[in-house]
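Letter by letter, the chains look like this.
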Amino acid sequence: MLQNSARSATGSPSPVYSWYVVCMLTLLYIISFLDRTVISMVIDPLKEDLQVTDTQVSLLSGLAFALFYSVVGIPMGRLADRRSRRWIIGIGATLWSVMASLCGLAQTYAQLFVARVGLGVGEATLMPSAFSLISDYFPRKKLPLAYAVMMLGAPIGSGLAFIIGGIIAS
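This report concerns the structure included in the present document. (Residues numbered from 1 in each chain as written. Predicted model: local features only at pLDDT ≥ 70, side-chain atom pairs only at ≥ 80, totals over all residues. Heavy atoms only, no water.)

1. Things to note about the overall build of the chain
Keep this limit in mind: Working definition: helices are DSSP H or I runs of at least four residues, strands are E runs of at least two. Numbering for both runs from the N terminus. Only protein chains enter the area calculation, which uses a 1.4 Å probe; residues under 20% of their type maximum are buried, those over 50% are exposed, and those in between are partly exposed. Contacts: residue pairs with any heavy atoms within 4.5 Å of one another. All accessible-area figures derive from a Shrake-Rupley calculation using a 1.4 Å probe, and residue coverage is judged against the displayed protein chains alone. Neither His nor the chain ends contribute to the count of charged residues, in which Lys and Arg are positive and Asp and Glu negative. Charge positions are represented by NZ for Lys, CZ for Arg, CG for Asp and CD for Glu.
From N to C terminus, the chain includes 8 helices and 0 strands. In the chain, the succession of helices and strands from N to C terminus is α-α-α-α-α-α-α-α. Each of the three principal axes of the chain carries a C-alpha extent, and together these read 60 × 30 × 25 Å. Burial statistics for the chain: of 170 residues in total, 42% are counted as buried. For the chain, the proportion of contacts with a sequence separation of at least 24, taken over those separated by at least 6, is 76%. Of the roughly 9,400 Å² of accessible surface on the chain, a fraction of 68% belongs to carbon and sulfur atoms. Averaged over its 12 positive side-chain charges, the chain has a centre that lies 21 Å from the centre of its 8 negative ones.

Pasting the structure below:
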């Protein structure tokens, strides 16, 4: 439900607040892509520090994240239809932030694997809830533009991951 301050005099969502919501969701999407991509930039130091094989690295960057992200996304979409999308996104962002921190603190392969799984689970909350939330704030005719702006988070986040990952790796 939209807050009263987010509604214009006609009862429809305020355009300024609607775009604010899209900007915040885009920022979250940027951060989520940065979190999921940066591991690809630190593979060599990771292999050296944790003594992991190429297969284990592929499991960290693929299975540990992608499988759980994909599978958990389905019930998250169902949950977004029934509960507060803002709360779902908030809890998910908190979870993935904690898990991203745990990835940096991991001392063993198992710890890193579990943290990557948690990262995938946390990030799985964003997209279903964000798409549903945006549809509340925009008329059907303007949804494609709002979705397109939010989807800019993927290439921006990936680009930032390569910049930040390169700095970390060097």
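2. Observations concerning the packing of aromatic side chains
Applied cut-off: Two rings from Phe, Tyr or Trp (for Trp, the six-membered ring) form a pair when their centres are within 6.5 Å of each other. A pair whose planes differ by under 30 degrees is stacked, one over 60 is edge-to-face, and the rest are tilted. Charge-over-ring placement is defined geometrically: NZ (Lys) or CZ (Arg) within 6 Å of the ring centre, and within 35 degrees of the ring normal.
For the structure on display, the rule yields 7 aromatic pairs. Between Y109 and F113, the aromatic rings sit 6.1 Å apart at their centres with planes inclined by 40°, giving tilted as the arrangement. In this pair, Y109 and F113 are both assigned in helix α5 (residues 109-123), 4 residues apart and thus about one turn of the helix distant. Residue classification places F113 among the partly exposed residues on the basis of a relative accessible area of 22%. For the pair F131 and Y147, a centre-to-centre distance of 4.8 Å together with 65° between the ring planes defines the contact as edge-to-face. In this pair, F131 is assigned in helix α6 (residues 126-137) and Y147 in helix α7 (residues 143-151), connecting sequence segments 16 residues apart. The aromatic ring of F33 is capped on one face by R36, whose charged end is 4.2 Å from the ring centroid. The aromatic ring of Y69 is capped on one face by R36, whose charged end is 4.7 Å from the ring centroid.

3. Observations regarding the environment of Y17
Among the structural elements, Y17 can be located in helix α1 (residues 15-37). Taking C-alpha positions, Y17 is 8.4 Å from Y137, a pair spaced 120 residues apart along the chain.

4. Details of the side chain of T125
Our working definition: Counting of polar contacts relies on pairs of N or O atoms within 3.5 Å, with two restrictions inside protein: one atom must be capable of donating a hydrogen and the other of accepting it, and residues adjacent in sequence are counted only when both atoms are side-chain atoms.
Relative to the elements of secondary structure, T125 occurs in the loop between α5 and α6. Residue classification places T125 among the buried residues on the basis of a relative accessible area of 7%. A polar contact of 2.7 Å, which involves the side chain of T125, links it to the backbone oxygen of G122. Apart from residues lying up to four places away in sequence, T125 is in contact with M76, I88, I89, G92 and A93.

5. Looking at the packing of helix α4 (residues 85-105) against α6
Here is the rule we go by: Interaxial angles span 0 to 180 degrees and are taken between N-to-C directions of axes, which are lines fitted to C-alpha atoms, for helices over the stretch in contact. Throughout, the term roughly parallel applies to angles under 35 degrees, roughly antiparallel to angles over 145, roughly perpendicular to angles from 65 to 115, and oblique to all others. For any pair of crossing helices, the crossing counts as left-handed if the nearer helix is rotated counterclockwise from the farther one by less than a right angle, and right-handed if it is rotated clockwise. Gly counts as polar in this scheme, as do all residues outside two lists: the nonpolar Ala, Val, Leu, Ile, Met, Phe, Trp, Tyr, Cys and Pro, and the charged Asp, Glu, Lys and Arg.
At a minimum axis separation of 9 Å, α4 and α6 run at an interaxial angle of 150°. As the angle between them shows, α4 and α6 are arranged roughly antiparallel. When you trace α4 past α6, the crossing you get is left-handed. The segment α4 lies against α6, with R85, R86, I88, I89 and W96 engaging L126, S129, A130, S132, L133 and D136. Here the contact of α4 with α6 is composed, by residue class, of 6 nonpolar, 2 polar and 3 charged.

6. Describing the pattern of salt bridges
The following threshold applies: Only one rule defines a salt bridge in this text: a Lys or Arg side-chain nitrogen within 4 Å of an Asp or Glu carboxyl oxygen.
Taken as a whole and assessed by the stated rule, the structure comprises 3 salt bridges. The shortest N-O distance in the salt bridge between E123 and R36 comes to 3.0 Å. Residue E123 is found in helix α5, and its partner R36 is found in helix α1; the two are separated by 87 residues along the sequence. For E123, a relative accessible area of 1% gives the class buried. Overall, R36 belongs to the buried group, its relative accessible area being 14%.

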